[in-house]
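Single-letter residue listing:
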There are 2 protein chains.
Amino acid sequence: MTYCVGMILDKGLVMMSDTRTNSGVDNISVFRKMFHWCVPGERIVAIMTAGNLATTQAVISLLEERTKSPDERTNVLLKAPTMFQVATEVGRLLRATIAERQDANGEGGRNRFTASLIVAGQIKGMEPRLFLIYPEGNFIEASAETPFFQIGETKYGRPIIIRGYDAAMSMEDAAKLLMVSFDSTLKANLSVGMPLDLMVVERDRYEPRHCRRIEYEDAYFQSLSTAWADALRGAFHSLPDYDFTDPAATTA
Amino acid sequence: MTYCVGMILDKGLVMMSDTRTNSGVDNISVFRKMFHWCVPGERIVAIMTAGNLATTQAVISLLEERTKSPDERTNVLLKAPTMFQVATEVGRLLRATIAERQDANGEGGRNRFTASLIVAGQIKGMEPRLFLIYPEGNFIEASAETPFFQIGETKYGRPIIIRGYDAAMSMEDAAKLLMVSFDSTLKANLSVGMPLDLMVVERDRYEPRHCRRIEYEDAYFQSLSTAWADALRGAFHSLPDYDFTDPAATTA
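Here the structure is a predicted model, which is why all the values come from computation and not from measurement.

Student: Describe the overall build of chain A, with residues and values.
Tutor: When helices and strands are tallied, chain A shows five helices and 12 strands. A principal-axis box enclosing the C-alpha atoms of chain A has dimensions of 75 × 45 × 40 Å. Buried positions account for 46% of the 252 residues belonging to chain A. For chain A, the proportion of contacts with a sequence separation of at least 24, taken over those separated by at least 6, is 63%.

Printed below as a string of structure tokens:
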């Protein structure tokens, strides 16, 4: 499995992904699932991946035209006139890559080799955009009502994002919120694993404001995890007490 | 879907279930998923259900021998000498009920009509016990290391239980913890819905200490939900701040 989140804020975009891949429980590896490309001063495009690793690696390679010699390559992500065009092209490549593998495997390929992607970025003169690309190649875009997308093992870390998200929050707080969401997921599910990748993109900067790999022994993440455990206990104990004998509590 | 949790504590057993059933999104109903039977002073057995509603209702009916006239019925749950025997019998009935429906539907029945159950209770002279019964009829028992079971839509509400559970906690706090776990799930997933059923069984009492249906407009649950949102925000803001320029935070 995997866990990736992309979030759109007033101040820009924040993304986080884990790096665990597994085929069964006895074949576990670390692979990067977050990629980005920049034209300084003009655009930044980021992609996060979940699903079949061969599929997602093929999509990234095809986007970079690695079938061609290095001097002949033209990355479509750096040429597309709008983020909508970027998402369309990424969706097309994703669908084609999945279909090729499925077709090549006949009946045995049915419903396999699928993957989902989060695409985020900004091109000069336009707003930052955030998309969720489905295995079928179509996609949806984030909005004020639905300002974040998750892919992979999404459920454990969802309640805290729902409650903690605020479009006006600082990029630092957004990074912190994602770390808490990842911490909850890591505690509950072995198929999501450290290290984590974090990227912060401020609007109108067209390059990462902050880009960081969070390793197992990361002091900040460890202190955050401990502090969150303590703070959750404190929050829990601050709640109104339940009373079995209170009339309002004994209606059945 | 469904969400049910059974938890074993030093002081006894606490159970909570939702009541939403759905077949698609346009056929939503309220059904009880928590059942219990007592022999005062001798035993209490509770069952919570998730999965195919016709299957789980059939299992409950068969346990109560509703195929016979009322004066000929002998509920196996009230006769089995140990909770292990109770779990064995419930598992046997569950497997048989699923198999009958599958067989009757041939190829179209494959992998359908399945259900999972949580069985909890205590028989005089023995410890309180908690079991998770699989559709295959086999089961596992809770232990000090794994003191709670969830069935249905389990992921959203799992992190807070992992962090909040303490075997020595009061039954009131355990009820509160389950309500917080359900609140997080209700906020994130439409297939889990109010009202909720709560039952608290103190050890060596052989009848519910507290049994209650929590309706939509329940004042305590509403105040808890609001207080939890506020407390979570407070907990989040109490965490150490993240700093993009701190050396420890810029290693990549």
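Student: Describe the relation of the copies chain A and chain B, naming the residues involved and giving the relevant values.
Tutor: In the superposition of chain A on chain B (RMSD 0.0 Å, axial shift 0.0 Å), the rotation amounts to 180°. Both copies are brought into coincidence by an operation consistent with a two-fold rotation axis. Across chain A, the smallest distance between a C-alpha and the rotation axis is recorded for A:Tyr156, namely 2.3 Å. Comparing interface residues between copies, 98% of those in chain A also lie at the interface in chain B; the contact surface is shared.

Student: A description of the sheet that holds strand β7 (residues 115-123) of chain A should follow, citing residues and the corresponding values.
Tutor: Residues and elements named next belong to chain A. Pairing within the open sheet is antiparallel, and its five strands lie in the order β5-β6-β7-β8-β9. Strand pairing shows two members of the sheet lacking a second neighbour, β5 (34-39) and β9 (139-141), which therefore form its edges. Mean inter-strand twist for the sheet, computed between neighbouring axes without regard to direction, equals 15°. Against the sheet, helix α1 (residues 53-63) touches β5, β6 (43-51) and β7, its axis set at about 160° to β6.

Student: So what's going on with the interface of chain A and chain B? Residues and values would help.
Tutor: Frequently, the measure chosen for interface size is the accessible area removed from exposure when the parts meet. Taken residue by residue, the interface counts 46 residues in chain A and 45 residues in chain B. Going through the elements one at a time, α3 (158-164), α4 (171-188), β12 (210-214) and α5 (219-237) of chain A are the ones with two or more residues in the side of chain A that touches chain B. Here the side of chain A that touches chain B takes 13 residues from α5(A), the largest share from any one element. The class makeup of the residues in the side of chain A that touches chain B is 26 nonpolar, eight polar and 12 charged.

Student: Run through the packing of α4(A) against α5(A), naming residues and quoting values.
Tutor: All names here are of chain A. At a closest axis distance of 10 Å, the pairing of α4 and α5 adopts a crossing angle of 75°. Between α4 and α5, the crossing angle belongs to the class labelled roughly perpendicular. Contacts from Met179, Val180 and Asp183 in α4 reach Phe221, Leu224, Ser225 and Trp228 in α5.

Student: Please set out α4(A) residue by residue, giving values where relevant.
Tutor: The first and last C-alpha atoms of α4(A) sit 26 Å apart over 18 residues, in line with the 26 Å expected at 1.5 Å per residue. Summarising burial for α4(A): 15 of the 18 residues are buried, a large majority.

Student: Which residues make up the pairing of β6(A), and what are the values?
Tutor: Residues and elements named next belong to chain A. Counting buried positions along β6 yields nine of nine residues, so the element is predominantly enclosed. Of the pairings in the sheet, the one linking β5 to β6 comprises six bridges and is antiparallel in character. Note on β6: the bridge partner recorded for phenylalanine 35 is isoleucine 47. Hairpin connection of β5 to β6: three residues between the antiparallel strands, including glycine 41 at a positive phi of 80°. Of the strand pairs in this sheet, β6 and β7 are connected by nine bridges, and their pairing is antiparallel. Looking at the pairing, valine 45 lines up with glycine 121 of β7.

Student: Describe the sheet that holds strand β6 (residues 43-51) of chain B, listing the residues and the values that go with them.
Tutor: Residue and element names in this part refer to chain B. Spatial ordering of the open sheet is given by β5-β6-β7-β8-β9, a layout of five strands whose pairing is antiparallel. Bordering the open sheet on either side are β5 (34-39) and β9 (139-141), each of which pairs with just one other strand. Strand-to-strand twist of the sheet, defined as the mean angle between neighbouring strand axes without regard to direction, takes the value 15°. Contacts from helix α1 (residues 53-63) reach β5, β6 and β7 (115-123) within the one sheet, and its direction differs from that of β6 by about 160°. The strands that helix α2 (residues 83-104) touches are β6, β7, β8 (129-133) and β9; relative to β7, the one it contacts most, it runs at about 160°.

About the cut-offs
Residues numbered from 1 in each chain as written. Chains lettered and ligands numbered in written order. Predicted model: local features only at pLDDT ≥ 70, side-chain atom pairs only at ≥ 80, totals over all residues. Helix = DSSP H or I, 4+ residues; strand = E, 2+ residues; numbered from the N terminus. Buried ≥ 20, exposed ≤ 12 C-beta atoms within 10 Å, placed from the backbone. Contact = placed C-beta atoms within 7 Å. Least-squares fit on C-alpha atoms with pLDDT ≥ 70 in both. Pairing = 2+ DSSP bridges. Axes fitted to C-alpha atoms, helices over the stretch in contact; angles between N-to-C directions. Nonpolar A, V, L, I, M, F, W, Y, C, P; charged D, E, K, R; others polar. Parallel < 35°, antiparallel > 145°, perpendicular 65-115°, else oblique. Expected span 1.5 Å × (residues − 1).

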